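Residues per chain are reported as follows:
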There are 2 protein chains.
Amino acid sequence: MVDDTDDLVVRTPEAFRRAGIDARIRHRVSTVDLRRRAVEVVDLDEGRTYWEPYDHLLLATGARPVVPEGIDPGVAGVYTVKSLDDARAIKLTLQAAPGAFVVVVGGGYIGVEMAENLRRTGRSVTVVDRNPTLMAHLDPDMSALVTASAIRLGITLALEEALISLDAPGGVVRGVETDRAHHPAQIVILGLGVRPDAALAASAGVPLGAAGAVHVDEACRTGVPDVFAAGDCADAYDLVGRRHVYQPLATHASKQGRVAGLAIAGRPARFPGVTGTSVTQIGSSDVSRTGLGEREIRALGVDAASAAISSTTRVGYMPDSSSITVKLWGERGSGRLLGGQIVGGAGAGKRIDVIATALSAAMTVEDLLGLDLAYSPGLSDTWDPVQVAARVLVRDL
Amino acid sequence: MVDDTDDLVVRTPEAFRRAGIDARIRHRVSTVDLRRRAVEVVDLDEGRTYWEPYDHLLLATGARPVVPEGIDPGVAGVYTVKSLDDARAIKLTLQAAPGAFVVVVGGGYIGVEMAENLRRTGRSVTVVDRNPTLMAHLDPDMSALVTASAIRLGITLALEEALISLDAPGGVVRGVETDRAHHPAQIVILGLGVRPDAALAASAGVPLGAAGAVHVDEACRTGVPDVFAAGDCADAYDLVGRRHVYQPLATHASKQGRVAGLAIAGRPARFPGVTGTSVTQIGSSDVSRTGLGEREIRALGVDAASAAISSTTRVGYMPDSSSITVKLWGERGSGRLLGGQIVGGAGAGKRIDVIATALSAAMTVEDLLGLDLAYSPGLSDTWDPVQVAARVLVRDL
């Protein structure tokens, strides 16, 4: 486990410097001048401003947590969840107020993970979300399984409620107002996701793409020569939906960073795109998805069918076998696999990777039936649950 | 858990009959007459023999355990491991002789699984194998990890020893003789794998293929019109090695059975082939492989390179994170992925499925780097270990 949040720093400025990289922390770039090929830098400690020229520029400005209109994140007791500083502040407040009521606004990955961990410390936790289920990026039938897990953990759910305002007289939070109720809270966590921090790029005239992120091609090149972007400030090509999307995930950021670095160094490198894979855990369940779900399929107007099956993570007679639900989507006519979602016990989550790999290879649902997936009674059933779902779905395509 | 071996019967004769299938157990087919399109059946209980005509014939005669030349499996205390009857006999003997010394001949999947389970009951267990490591179907560096696990379990290893004869005066075993030692044993388990039971097909003139199994195409058709074969008596096309192979595994058998049934019913069905995926567990480790390993790559004369890396099943700071070793093989020049092997803690085994899926899609090692695999600190590292191995291997191709 981690005793100190500093232990979560993957690479320190010193480590960069030892690698021969001139890492300047507490320096903010205020302007990018594409014509002059230079950036204006503010040294925050010294207070001085200077221009730094570049041959290649990489924009890696990341993302900012979403704070709804009219909500002041500076109110005491209100926190976003993005940086290590956020984590330190939340930790201090929890230590100072062990019995505090917590309201988590947003029932996506971050909100649910925060809610579960706070609940496990014995606190009263309420999750406010405008959707009828938690994790509404899953299809309703699958997110209902997650919602049930949260209820079993003793988390109070305020679903189909929208945050209106903070109840914070004198700048100290004591509750949240939704369109339907007042929820008392000494601590409010805003877990509403992030938006790309692309202001610098936008003001310089670098073209933006999906969700206002910097638009990049498969070599992480922006629309401006010698300017690259990677990570949470950039968009990415969606191999399944065949359009650019904004998915601020560590996996994409790591790959884009590698590819941008290679491309800047003049070496061949290509980030083919994403399929939209994510996974988390709630209670004893893994929850994962990849590809398109019901919402995206409708938005794109794809003629599709789905099948959801329940099976076990191991052969039923083995100890520690637990239930697993797999849902697949396929395109009618072509039979093309479009996406999948999995909710299940230990070992279920990473099984989404088979579907993600199949999506990268543009496989059909029929192709899944032929896959040579590993079987041993203690690790799977003879027909892998993904293939059981494919066997049902293939009849409807 | 399973209290009665009968509970392991997946489908009883009665279940077949309820489904409208005329299942005749204790009936042996002694002859297939391809010209007359009929089989000669011996009713073992009634002792009578009769001819049964067919429109389509499916050969599903399975496999027989390998018994070395000169070894009499009828000796008291000597067992093969193939049928439920074998399991019942072993169980009875163990109950009657709780302190018996056990020698397991053969250090493959079956031998190692038997050895571990017998060792866990407190018995003295010795595994005899002619190879320098257990599970020699893995590359030597990977099988060494398995061998170390067996030693930690307290299993005695007699490696690089070949079974010569049983020491069984009066028809009761009391030890085995190898080319290097005598090992005392009241129970001897022969875990030397299986051979196809293709005698009926061969005598009828149905062409045989890999390892003497019935040769089948992708619709499970044999070389004779209207005669099909499926399961442990049949061979299968290897998608990676691009030749037919004999791999008697439950996964292939299930898929071939489905495809043969559909094909006989005149419906389109195709079993594209196998990549050779298998997984087992020893101690707290999962052990899996898919595609070609060092031995097959050498035999096929492929110009290949490999990379093995060690990582963790989860982000290192998470509880229950354990080590995982991933080895990949790729073809020089083309960059084609050839195979992979994984040894690691809980959750490691089924990760082989990503490599198996990539092999089915004929991906390159470079393609693995682009895969959108699931990440969450409790379930994986940001760079999946399979991709870490690919990142190292891609430099050598």
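Computed from a prediction, not measured in an experiment: that's the story for all the values here.

Undergrad: Which residues make up the overall build of chain A, and what are the values?
TA: Per the secondary structure count, chain A includes ten helices and 22 strands. The C-alpha radius of gyration computed for chain A amounts to 23 Å, which stays within 12% of the reference 21 Å derived for 397 residues, consistent with globular compactness. By the burial criterion, 50% of the 397 residues in chain A qualify as buried. Taking contacts inside chain A between residues at least 6 apart in sequence as the whole, the part at least 24 apart equals 56%. Counting every atom, chain A has about 17500 Å² of accessible surface; 50% of that belongs to carbon and sulfur. Charged side chains in chain A number 40 positive and 47 negative. The centres of these two groups are separated by 2 Å.

Undergrad: Give me the lowdown on the sheet that holds strand S11 (residues 175-178) of chain A, citing residues and values where you can.
TA: Residues and elements named next belong to chain A. Pairing is antiparallel across the open sheet formed by three strands, whose spatial order is S10-S11-S12. The outermost strands of the open sheet, each flanked by one partner alone, are strand S10 (163-167) and strand S12 (182-184). Each neighbouring strand pair of the sheet contributes to a mean axis angle of 20°, computed without reference to strand direction.

Undergrad: Break down the side chain of Ser278(B) for me, with residues and values.
TA: Residues and elements named next belong to chain B. Tracing the sequence through the fold places Ser278 in strand S18 (residues 278-282). Overall, the relative accessible area of 10% leaves Ser278 in the buried class. For Ser278, the side chain forms a polar contact with the side chain of Tyr109, separated by 2.4 Å. Residues in contact with Ser278, not counting those within four places in the same chain, are Tyr109, Val287, Ser288 and Arg289.

Undergrad: A description of the confidence of the model for chain A should follow, citing residues and the corresponding values.
TA: Per-residue confidence for chain A averages 94 on the pLDDT scale, and 99% of its residues sit at or above 70. Interface confidence for the predicted complex, expressed as ipTM, amounts to 0.94; the pTM equals 0.94.

Undergrad: How would you sum up the sheet that holds strand S11 (residues 175-178) of chain B? Please name residues and give values.
TA: All names here are of chain B. Sheet architecture is open: three strands sit in the order S10-S11-S12, paired in antiparallel fashion. Of all strands in the sheet, those bounded by a partner on one side alone are strand S10 (163-167) and strand S12 (182-184). Shown here is a sheet whose adjacent strand axes are inclined to one another by a mean of 20°, direction ignored. Bridging between S11 and S12 involves three bridges; their strand directions are antiparallel. Across the sheet, the residue bridging to Glu177 is His182, located in S12.

Undergrad: Give me the lowdown on the interface of chain A and chain B, citing residues and values where you can.
TA: Of the residues lining the interface, 48 residues belong to chain A; the matching set on chain B comes to 48 residues. Roughly 4200 Å² of surface becomes buried between chain A and chain B when both sides are summed, with 63% attributable to carbon and sulfur atoms. Among the residues of chain A in contact with chain B, Lys350(A), Asp372(A) and Leu379(A) are the three that bury the most area, contributing 17% of the side total. If you look at where chain A meets chain B, you find two salt bridges. Salt-bridge contacts for Lys350(B) lead to Asp384(A); the nearest nitrogen and oxygen are separated by 2.6 Å. Our count for the contact surface shared by chain A and chain B stands at 16 residue pairs in polar contact (both at pLDDT 80 or more).

Undergrad: Got a sec to walk through the pattern of salt bridges? Specific residues and values, please.
TA: Residue and element names in this part refer to chain A. Counted according to the given criterion, the structure contains 42 salt bridges over all chains. Ionic pairing is found between Glu116 and Arg120, a salt bridge with its closest N-O pair at 2.7 Å. Of the two residues, Glu116 and Arg120 both sit in helix H3 (residues 109-120), four residues apart, roughly one turn of that helix. The exposure class of Glu116 is buried, given its relative accessible area of 7%. Residue class for Arg120 comes out exposed when judged on its relative accessible area of 53%. Among the salt bridges present, the one from Lys327 reaches Asp139, with a minimum N-O distance of 2.9 Å. In this pair, Lys327 is assigned in strand S21 (residues 323-331) and Asp139 in the loop between strand S8 (125-129) and helix H4 (140-152), connecting sequence segments 188 residues apart. You can call Lys327 buried: its relative accessible area is 4%. The buried category is assigned to Asp139, whose relative accessible area is 2%.

Undergrad: Residue-level account of the packing of helix H8 (residues 352-360) of chain A against helix H8 (residues 352-360) of chain B, with values.
TA: Where H8(A) meets H8(B), the closest approach of the two axes is 8 Å, and the angle between their N-to-C directions is 20°. In terms of orientation, H8(A) lies roughly parallel with respect to H8(B). Handedness of the crossing formed by H8(A) with H8(B): right-handed. Residue-level inspection shows Asp353(A), Val354(A), Thr357(A) and Ala358(A) of H8(A) in contact with H8(B), the latter providing Asp353(B), Val354(B), Thr357(B) and Ala358(B). Class assignment for the residues of the contact of H8(A) with H8(B) results in four nonpolar, two polar and two charged.

Undergrad: Explain the relation of the copies chain A and chain B to me, and be specific about the residues and the numbers.
TA: Overlaying chain A on chain B yields an RMSD of 0.0 Å, the required transformation being a rotation through 180° with an accompanying axial translation of 0.0 Å. Taken together, the rotation and translation describe the operation of a two-fold axis. A shared binding surface is used by both copies, with 100% of the interface residues of chain A retained as interface residues in chain B.

Undergrad: Provide a residue-level description of the packing of aromatic side chains, including the pertinent values.
TA: For the coordinates displayed, the defined rule picks out zero aromatic pairs over all chains. Above the ring of Trp383(A), the side-chain terminus of Arg391(A) is found at 4.6 Å from the ring centroid.

Undergrad: Which residues make up helix H10 (residues 385-393) of chain B, and what are the values?
TA: Counting buried residues in H10(B) gives seven out of nine residues, a clear majority hidden from the surface. On its buried face, H10(B) sits against helix H6 (250-264) of chain A together with strand S20 (304-312), strand S21 (323-331), strand S22 (337-344), H8 and helix H9 (365-370) of chain B. Capping the start of H10(B), Asp384(B) holds a side-chain oxygen 2.9 Å from the backbone nitrogen of Val386(B), two or three residues further along.

Rules and cut-offs
Residues numbered from 1 in each chain as written. Chains lettered and ligands numbered in written order. Predicted model: local features only at pLDDT ≥ 70, side-chain atom pairs only at ≥ 80, totals over all residues. Heavy atoms only, no water. Helix = DSSP H or I, 4+ residues; strand = E, 2+ residues; numbered from the N terminus. Rg over C-alpha atoms; globule rule 2.2 N^0.38 Å. Buried < 20%, exposed > 50% of the residue type's maximum accessible area, 1.4 Å probe, protein only. Contact = heavy atoms within 4.5 Å. Areas by Shrake-Rupley, 256 points an atom, 1.4 Å probe, with all protein chains shown as cover. Lys, Arg positive; Asp, Glu negative; His and termini not counted. Charge placed at Lys NZ, Arg CZ, Asp CG, Glu CD. Pairing = 2+ DSSP bridges. Axes fitted to C-alpha atoms, helices over the stretch in contact; angles between N-to-C directions. Polar contact = N/O pair within 3.5 Å; in protein donor to acceptor, adjacent residues only side chain to side chain. pLDDT = per-residue confidence, 0-100. Buried area = accessible area lost by both parts, 1.4 Å probe. Salt bridge = Lys/Arg side-chain N within 4 Å of Asp/Glu carboxyl O. Parallel < 35°, antiparallel > 145°, perpendicular 65-115°, else oblique. Left-handed = near helix turned anticlockwise from the far one by under 90°. Nonpolar A, V, L, I, M, F, W, Y, C, P; charged D, E, K, R; others polar. Least-squares fit on C-alpha atoms with pLDDT ≥ 70 in both. Phe/Tyr/Trp six-rings, centres within 6.5 Å; stacked < 30°, edge-to-face > 60°. Lys NZ or Arg CZ within 6 Å of the ring centre and 35° of its normal.

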